[in-house]
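# Results of the structural survey
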Amino acid sequence: MLLSLVCGLLSLSSFTLALPTSHATLERRDAYNAPRLVNYVQTFHDVAGNPLSLLPLLNENTGITHVNLAALHINSDASDITLNDNNPNSSYWDSVWSDVKQLQAGGIKVLFMLGGAAAGSYPRLCGSAVPAVIDETYYGVLRDTIRAHDIDGMDLDIEESVDMTCALALLQRLNADFGSDFILTMAPVASAMWPDGPGLSGFDYPTLDAQATDASRPNGKLVDWYNAQFYNGWGDASTQTFYDAIITMGGWSPDRVVMGVLDSSGDGGSGFVPIKTLESVILQLRANYANFGCAVGWEYWDAGTTDSPAFEYPWQWVQAVSSAVSGDQTLPAKNLTSSPLPNPAAPFPSLTETLVHLGAEWLWAVWALNVTDGNLLEAEQLLNLTSLL
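These figures come from a predicted structure and were not determined experimentally.

Geometrically, a pair of aromatic rings is defined through the distance of the ring centres and the angle of the planes. Applying the stated criterion across every chain yields a total of 15 aromatic pairs. Taken together, a centroid distance of 5.2 Å and an interplanar angle of 80° make the contact between Tyr243 and Phe292 edge-to-face. Here Phe292 lies in the loop between helix H8 (275–288) and strand E9 (295–298) and Tyr243 lies in helix H7 (residues 241–250), a separation of 49 residues in the sequence. Accessibility expressed as a relative area gives 0% for Tyr243, which makes it buried.

Let us look at the side chain of Thr241. Mapped onto the secondary structure, Thr241 falls in helix H7. The exposure class of Thr241 is buried, given its relative accessible area of 9%. Once residues lying within four places of it in the same chain are set aside, the contact partners of Thr241 are Thr337, Ser339, Pro340, Leu341 and Pro342.

Within the structure shown, the criterion is met by seven salt bridges. Note that Asp144 is salt-bridged to Arg143, the shortest N-O span being 3.1 Å.

Bringing the environment of Glu378 into the picture now. Considering the arrangement of structural elements, one finds Glu378 in helix H12 (residues 376–382). A relative accessible area of 39% places Glu378 in the partly exposed class. A sequence separation of 121 residues divides Glu378 from Val257, and the C-alpha atoms of the two residues are 32 Å apart.

On to the nonpolar core, then. Generally speaking, nonpolar side chains in soluble globular proteins are found buried as a group. Counting 107 residues, the largest nonpolar core has Leu142, Met154, Met186, Met259 and Leu355 as the members making the most contacts within it. Core analysis: the second largest hydrophobic core is formed by 14 residues, Tyr40, Ala71, Leu262 and Val296 among them.

Attention now goes to the state of the cysteines. This structure, assessed with the given rule, holds one disulfide. Put simply, Cys126 and Cys166 are joined by a disulfide, and their sulfur atoms are 1.9 Å apart. In this structure, the disulfide formed by Cys126 and Cys166 twists by about 70° around the S-S bond and is classed as right-handed. Taken together, the positions of Cys126 in helix H3 (residues 121–126) and Cys166 in helix H5 (residues 164–178) put the pair 40 residues apart, joining distant regions of the chain. The buried category is assigned to Cys126, whose relative accessible area is 2%. For Cys166, a relative accessible area of 2% corresponds to the buried category.

Counting buried residues in strand E7 (residues 225–229) gives five out of five residues, a clear majority hidden from the surface. Of the two faces of E7, the one holding Trp225, Asn227 and Gln229 and the one holding Tyr226 and Ala228 are both buried throughout. Viewed along the sheet, the connection from strand E6 (residues 183–186) through helix H6 (residues 205–211) into E7 turns out right-handed. Pairing between E7 and strand E8 (residues 257–262): four bridges, direction parallel. Directly across from Tyr226, in E8, lies its bridge partner Val257. With H7 bridging E7 and the parallel E8, this β-α-β connection has right-handed handedness.

On to unusual backbone geometry, then. In this structure, the amide linkage connecting Ala70 to the following residue, Ala71, adopts the cis form with an omega of -5°. One non-glycine residue, Asp196, lies in the positive phi region at around 60°. Among the secondary structure elements, Asp196 is positioned in the loop between E6 and H6. On the basis of relative accessible area, Asp196 is assigned to the exposed category, the value being 62%. Although it is not a glycine, Asp373 adopts a positive phi angle of roughly 55°. By the element assignment, Asp373 lies in the loop between helix H11 (362–371) and H12.

Conventions adopted
- Within each chain, residue numbers correspond to sequence positions counted from 1 in written order.
- Local features in this predicted model are restricted to residues whose pLDDT is 70 or higher, and side-chain atom pairs enter the listing and the counts only when it is 80 or higher, whereas totals over whole chains, interfaces and linings include all residues.
- Side-chain descriptors were evaluated using all non-hydrogen atoms of the structure, hydrogens and water having been removed beforehand.
- When the centres of two rings from Phe, Tyr and Trp lie within 6.5 Å, Trp using its six-membered ring, the rings pair. Their planes under 30 degrees apart give stacked, over 60 give edge-to-face, and anything left gives tilted.
- Here a strand is any run of E in DSSP of at least two residues, a helix any run of H or I of at least four, and the numbering for each starts at the N terminus.
- With a 1.4 Å probe rolled over the protein chains alone, any residue whose accessible area is under 20% of its type maximum counts as buried; one over 50% counts as exposed, and the rest are partly exposed.
- In what follows, residue pairs with any heavy atoms lying within 4.5 Å of each other are defined as contacts.
- Take a side-chain nitrogen of Lys or Arg and a carboxyl oxygen of Asp or Glu: if they are within 4 Å of each other, that pair is a salt bridge.
- Among buried residues, those of type Ala, Val, Leu, Ile, Met, Phe, Trp, Tyr and Cys that are joined through side-chain atoms within 4.5 Å constitute a nonpolar core.
- Pairs of cysteine sulfur atoms within 2.5 Å are identified as disulfides in what follows.
- Here a crossover is taken to be right-handed if, once the strands point away from the viewer, the path from the first strand over the helix to the second is traced clockwise.
- Only strands that DSSP links by at least two bridges are regarded as paired with each other.

Here's what the structure looks like:
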């Protein structure tokens, strides 16, 4: 999972947000509804190697509403649950849990992100049966870890192929155990947000969303919103076109689709969008959708370091995106596009071009190279293509 920031319904009556140069006190917003500012944290040191404090997200007036701690892993030994490489109960995390309590005391919700690029968590939780049956041994450790650290929600980042009933069963169980106020989000790649679009989870997200309902939830859906990944070949945040297509083709309400971006070119294989371009796209999408879901990026520790000029501190990048999302700028005219989808920058550009030359669609070429780790011949076989070699 490569995902740091921002989703929101821009209703000025619901919040007050200072611009980055201001140090006025923010009114704490309702963290269960848009507007939201979401930040993923996986690296817990700064660019100089010092321990990373999360407190500037609260103390520097960023207006953030959610912090997602990544990545929680369910390992083969059920008792060996880890946040990255260490058990969440280890003293290794003492300073992080201290920061978390202060964030929560300041009104910021803190979630676990489960899964990501490391495989195994979801098959262990769901088993191999279809429909999926939750494995109580593995799930019990996850449930107890959430309770032990008073976590406010879960972000399910499924980057391995599982049956749709696995995701549905987990959403239903988490909702049953923690209630309708427990935040549930998912983090698909952007192209998976339209029907039968290429993705990594092995199922169709519009179909899942149609079934993942509960009348007790704030919007009647088990998934509050989706942190879609618009990078690494799966989407394009340098233009409004890809977001427009997802809303149109997938039939989504814009407040439930968050445009995920890389906040540094070092945080992903391709698709980094500099802040000035990102600000322009956000302003256009604000003009297009009164309930625009805004943006989410990966990840906090080095946010803004590859912008020009570079940001000195990561919370400054958060502030800059926050300003684009909710500042008082004059918006451009509404301009919903029907342009052909751009070919997003891909991690294996020359190999992707080769597959396209053989007859593959761009996004399916991205998919095939991703799941084969860049093996051209295996990708050709997945796509039923005949090599020119």
